[in-house]
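# Per-entry structural report
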Amino acid sequence: RAVILVVSDAKKETSSTAGMSNSVATSELLGFRAKEVVPKRMKTIEAAIEAKDFESFGMVTMMDSNQFHATCLDTYPPIFYMNDVSRSVIQMVHKYNEWAGEIRAAYTFDAGPNAVLYTLDKHIVELLALVLKYYPAQSQDLVGDYVNNEVLSKEALEFELD
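Below you will find a few notes about this structure. Every value quoted in this text rests on a predicted model; they were computed, and no experiment measured them. (Residues numbered from 1 in each chain as written. Predicted model: local features only at pLDDT ≥ 70, side-chain atom pairs only at ≥ 80, totals over all residues. Heavy atoms only, no water.)

### Here we look at the pairing of strand β3 (residues 115–119)
Where a strand is regular, its side chains alternate between the two sheet faces. By the alternation rule, side chains of β3 split into Ala-115, Leu-117 and Thr-119, which are all buried, and Val-116 and Tyr-118, of which none is buried. Alignment of strand β1 (residues 2–5) against β3, held across four bridges, turns out to be antiparallel. Opposite Val-3, over in β3, you have Leu-117 as the bridge partner. Relative to β3, strand β2 (residues 105–109) runs antiparallel, the two being bridged by five bridges. Residue pairing in the sheet places Ala-106 in a bridge with Tyr-118 of β3. Linking β2 back to β3 in an antiparallel pair, the connection comprises five residues. (Buried < 20%, exposed > 50% of the residue type's maximum accessible area, 1.4 Å probe, protein only. Helix = DSSP H or I, 4+ residues; strand = E, 2+ residues; numbered from the N terminus. Pairing = 2+ DSSP bridges.)

### Here's the deal with the nonpolar core
Residues Val-89, Val-93 and Leu-117 are the most contacted members of the largest nonpolar core, which totals 33 residues. Of all the secondary structure elements, the ones that give two or more residues to this core are β1, α2 (28–51), α3 (54–74), α4 (84–100), β2, β3, α5 (124–134) and α7 (150–158). The biggest single contributor to this core is α5, with eight residues. Val-93 has contacts with Met-62, Ala-105, Ala-106, Tyr-107 and Leu-117, leaving out every residue within four places of it along the chain. (Core = buried A, V, L, I, M, F, W, Y, C linked by side-chain atoms within 4.5 Å. Contact = heavy atoms within 4.5 Å.)

### Details of the layout of surface pockets
Space inside the largest pocket adds up to approximately 490 Å³. If you go around the largest pocket, you meet 20 residues; those closest to its centre are Val-3, Ile-4, Leu-5, Tyr-146 and Val-147. Broken down by secondary-structure element, the contributors of at least two residues to the lining of the largest pocket are β1, α4, α5 and α6 (143–146). Volume-wise, the second largest pocket comes out at about 320 Å³. Forming the walls of the second largest pocket are 15 residues, and the residues nearest its centre are Tyr-96, Trp-99, Leu-130, Tyr-134 and Leu-161. At the level of elements, α4 and α5 are the ones that each hand at least two residues to the lining of the second largest pocket. Looking at the lining of the second largest pocket, the element that brings in the most residues is α4, giving six residues. Broken down by class, the residue content of the lining of the second largest pocket amounts to eight nonpolar, two polar and five charged. (1 Å grid on protein atoms, 1.4 Å probe; cavity = no way out; pocket = protein on both sides within 12 Å on 5 of 7 lines; lining within 4 Å. Points joined across faces, edges and corners; volume = space filled by probe spheres on them. Nonpolar A, V, L, I, M, F, W, Y, C, P; charged D, E, K, R; others polar.)

Below, the structure is given as structure tokens:
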């Protein structure tokens, strides 16, 4: 399952095209990443998907997202795609996984502040309940606009977190 968290719909300060061009020109990490890291991670991700190994899939997905944003910071001048809410989503996911004693959710961010969270079907209600607790809709009437699946929305609102 994928949960998309739109944390900002504002126009990016640095477009993806301009950012990539600048990163290619100034980031040594980008070249290393493309040559040494990405091919290995792609094999690991493909194997994890084939084996239905969410733990490996989740860990590599998060590590790769983090390294992509490290490349953005390594660019001169640095590029800041994530914002404070994005970083709080990262913290929430890690705390959730720590509490669970396993990776139940994984995040990834592309060139922007919005998160894509991955989880298994058996954890979707729990994860959505957590998201709604820490990033609530401004009113119960807006939850339908906030969560586009009425059944999951209802289950998540009724779910009691530990």
